Amino acid sequence: MGCNGAKLVVVCVDGGVPGIVTTWNFFSPHRRLPGVVDSLPAPLRSVFPSSTAPGHASFLTGTEADGHGIVANRFWEGESVAQIKRLDPNPFKTLHPYESHSLQAPSLIDWFVQEKQVRVSAVHFPHTFSHADPHVTNSSVFCLYAPARSVRIPLSDLQADSAPLTRDLLYFDEAIPLHIRKSGGNSDHIAISFGATTKPAVIANGETVQISTDIAVGRLSLPIGYSTSGSEAELDIGTAVLTLRFGETGESEYGPTSLERSYTANPDINFSEAPNARWVCQEILTALEKNEPDVLFVRFNQADHAQEFLYWHATQGDGRAAQLAREQILDTYQLIDDCLGEIMAAVGPEADYLLFSDHGIDYVDRRIRPNAVLAQLGLSDRMIFQGDSRVSYLYADDPVPSAVLDRIVAELVRVEPSVRRVDSRQARNLRVPPASGKRGRTGQLMMMCDLHHEFVYGEIGLAGQSVQSASHGYLPSTPSMYGFTRMFGPNVANMVLPGSLSEASGVVKALWEKRSAVRA
């Protein structure tokens with residue numbers, strides 16, 4: 001058993017469901033740390049909206065959206081509608097809900113770094129980094145991803161001895177030249193590279209490799225598969241990963257992309273886990289070795305992705321398809337469990353651990369596109385909806401007359417009768433800032449939808465559509481939106497588990513103070 005000096009490890013299993021964790025006893029310390037004091041897993045009440053950015057903000061600040069200001073996974077503050085539309089397609093330009101500088105309340109990270117003056121490292125954990133201040137933590141790594149795509153090329157265009165064929169790939173608003181040429185005398189192998197910055201990688205027909213390059217905003221990694229059919233070659237480019245590094249970070253040699261498609265029990269998706277759990281684990285081990293943190297914050301997002309893609313099929317499907325979806329969800333939890341075991345082996349038995357999830361999951365059978373409604377009403381040139389899966393905020397360049405707001409509400413209700421407007425009193429009860437005519441994070445109109453419905457924000461498409469999906473973001477009082485929590489370690493005896501995300505920072509502080517007092 002290793003011991004590298006880390007004293008506290010905080011692990012978020014994003015989307016971890018308490019029933020699954022309890023039934024299968026995932027993340028148990030006992031087979032790795034025999035005799036350790038363990039709280040056992042318990043449900044953890046989420047916040048509104050019960051989603052990643054608001055949940056982590058509440059975990060770190062001890063308050064809810066009306067205190068910390070993180071009102072959704074996507075929000076705006078003062079940008080014009082034209083700016084929002086320009087920035088919205090680029091995940092890097094919409095990263096602010098996950099950055100520490102967007103918090104409007106003091107954070108647990110500040111407490112550790114500034115008040116307690118201990119070294120903190122974080123891997124893929126929201127609000128532990130900021131472009132405005134790269135040293136929020138001593139070291140932090142965060143990832144974004146971009147959708148899969150494919151490139152088709154006539155085989156006749158690939159020549160071994162001529163200049164390579166070039167195709168520009170657009171990622172995060174940057175055009176990246178991908179050079180492709182035949183490698184050898186036939187079409188069984190090709191060589192690919194990004195510009196002049198990467199060494200060419202040779203891919204055999206039927207093979208997939210990872211290729212990485214530095215771009216303006218970070219390091220981009222892509223899984224690229226090569227296959228031929230008839231007179232054509234196809235490059236199957238899987239989910240891309242953008243890695244952002246802040247502070248003094250080491251870098252693992254393991255790549256963040258998954259070479260194979262994930263969650264194949266859902267036949268309608270083309271997604272490779274990004275970043276994959278093995279990479280997250282290796283980044284953690286590297287941070288432990290090279291950064292020597294006292295406190296480590298970690299987030300695994302794989303359970304959330306698996307459930308978003310598979311939960312409907314697992315709970316509402318039937319037969320072999322439902323069974324396969326359930327198996328792939330459980331396999332994902334097991335993978336995270338295995339990674340946690342490696343972390344525990346590296347950290348050793350003297351550290352304390354707090355595990356939690358930020359929200360749960362439930363199935364979705366209907367989607368509403370509020371921006372399609374704006375387009376139908378001829379209002380999309382000066383208004384736009386953004387927000388979360390179950391709460392949507394209307395942003396506009398100028399104050400919107402109440403008659404126009406009423407018209408928008410009426411049309412949304414016509415599309416889906418369960419959709420409702422959230423007034424100021426209801427917003428206060430939900431602990432989110434109310435919508436107003438001013439330019440604020442919750443816009444000028446706040447709308448909610450029911451548990452098995454969700455908002456999506458494309459302007460093109462049906463305003464209402466039946467789907468087979470899953471999501472979170474609903475009322476924190478709903479049992480399916482609960483996460484879980486668990487503590488174990490030499491100092492957790494008689495510690496009371498947090499009952500909600502907003503209580504967690506107080507528990508972490510108390511655990512640290514107890515640990516410090518024991519060693520004083």
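Calculation notes
Residues numbered from 1 in each chain as written. Predicted model: local features only at pLDDT ≥ 70, side-chain atom pairs only at ≥ 80, totals over all residues. Heavy atoms only, no water. Salt bridge = Lys/Arg side-chain N within 4 Å of Asp/Glu carboxyl O. Helix = DSSP H or I, 4+ residues; strand = E, 2+ residues; numbered from the N terminus. Buried < 20%, exposed > 50% of the residue type's maximum accessible area, 1.4 Å probe, protein only. 1 Å grid on protein atoms, 1.4 Å probe; cavity = no way out; pocket = protein on both sides within 12 Å on 5 of 7 lines; lining within 4 Å. Points joined across faces, edges and corners; volume = space filled by probe spheres on them. Nonpolar A, V, L, I, M, F, W, Y, C, P; charged D, E, K, R; others polar. Arc of directions from axis to C-beta. Polar contact = N/O pair within 3.5 Å; in protein donor to acceptor, adjacent residues only side chain to side chain. Pairing = 2+ DSSP bridges. Axes fitted to C-alpha atoms, helices over the stretch in contact; angles between N-to-C directions. Contact = heavy atoms within 4.5 Å. Core = buried A, V, L, I, M, F, W, Y, C linked by side-chain atoms within 4.5 Å.

A.B. asks: I'm lost on the pattern of salt bridges in this one. Help?
C.D. replies: Pairing is possible between side chains that carry opposite charge, provided their charged atoms lie close to one another. Throughout the structure, instances matching the rule amount to 28 salt bridges. One salt bridge connects Asp 337 with Arg 31, and the closest N-O pair in it is separated by 2.6 Å. Of the two residues, Asp 337 sits in helix α8 (residues 319-347) while Arg 31 sits in the loop between α1 (18-24) and β2 (42-44), which places them 306 residues apart along the sequence. With relative accessibility at 52%, the residue Arg 31 sits in the exposed group. Residues joined in a network through salt bridges with shared partners are Arg 31, Arg 32 and Asp 337.

A.B. asks: Help me understand the layout of surface pockets in this model?
C.D. replies: To locate leftover empty space, one rolls a probe as large as a water molecule over the atoms. Considered as a void within the structure, the second largest pocket measures approximately 260 Å³ in volume. Lining the second largest pocket are 13 residues, and of these Ser 262, Tyr 263, Glu 273, Thr 332 and Leu 335 lie nearest its centre. Broken down by element, the residue count for the lining of the second largest pocket peaks at four residues, all from α8. A per-class count over the lining of the second largest pocket returns four nonpolar, six polar and three charged.

A.B. asks: Please clarify how helix α5 (residues 108-115) should be interpreted in this entry.
C.D. replies: Working note: α-helix, 3.6 residues per turn, so residues spaced by three or four point in the same direction. Of all the positions in α5, only Leu 108, Ile 109, Trp 111 and Phe 112 are classed as buried. When α5 is viewed along its axis, its buried side chains cluster within an angular range of 165° and face the same direction. The exposed residues of α5 that point more than 90 degrees off its buried face are Gln 114 and Glu 115. Its side-chain oxygen 3.0 Å from the backbone nitrogen of Ile 109, Ser 107 forms the N-cap of α5. Phi for Gln 117, located one or two positions after α5, is positive at around 55°.

A.B. asks: Explanation requested: the pairing of strand β4 (residues 139-146) in the structure shown.
C.D. replies: Within a regular beta strand, the side chains point alternately toward one face of the sheet and then the other, so they alternate between its two faces. A large share of β4 lies buried, amounting to seven of its eight residues. Inspection of the sheet shows β4 paired to strand β13 (residues 240-247) by eight bridges, in the antiparallel sense. In the sheet register, Tyr 145 faces β13, and the bridge partner there is Val 241.

A.B. asks: How do you make sense of the sheet that holds strand β22 (residues 464-471) when you look at a structure like this?
C.D. replies: In any sheet, the strands associate via hydrogen bonds between backbone groups, in a parallel or an antiparallel arrangement. The three strands lie next to each other as β21-β16-β22, forming an open sheet whose pairing is mixed. Where the open sheet ends on each side, the last strands, each with one partner, are β21 (453-455) and β22. Direction aside, the axes of adjacent strands within the sheet are offset by 40° on average. The pairing of strand β16 (residues 362-368) with β21 spans three bridges and is classified as parallel. By the bridge assignment, Arg 366 is partnered in β21 with His 453.

A.B. asks: It is not clear to me how the side chain of Ser 51 should be interpreted in this structure. Could you clarify?
C.D. replies: Mapping Ser 51 onto the fold places it in the loop between β2 and α2 (52-61). Within the structure, the side chain of Ser 51 is placed 2.7 Å from the side chain of Asp 388, a separation counted as a polar contact. Here the side chain of Ser 51 touches His 472 through a polar contact of 3.3 Å, side chain to side chain. Those residues in contact with Ser 51, other than ones at most four positions away along the chain, are Asn 73, Asp 358, His 359, Asp 388, Ser 389, His 472 and Gly 473.

A.B. asks: Got a minute to help me understand the environment of Ile 109 in this structure?
C.D. replies: By secondary structure assignment, the location of Ile 109 is in helix α5. Owing to a relative accessible area of 0%, Ile 109 belongs among the buried residues under this scheme. Expressed as a C-alpha distance, the spacing of Ile 109 and Ala 122, which sit 13 residues apart in the sequence, is 9.9 Å. The residues contacting Ile 109, other than those within four sequence positions of it, are Leu 60, Val 120, His 127, Thr 128, Val 136, Thr 137 and Phe 297.

A.B. asks: Teacher, can you tell me more about the nonpolar core here?
C.D. replies: Inside soluble globular proteins, nonpolar side chains tend to come together where they are buried. In this structure, Tyr 171, Phe 172, Ile 192, Leu 222, Ile 224 and Leu 235 are the most contacted members of the largest nonpolar core, which totals 63 residues. Grouped together as the second largest cluster of nonpolar side chains are 52 residues, Ile 269, Leu 288, Val 298 and Ala 314 included.

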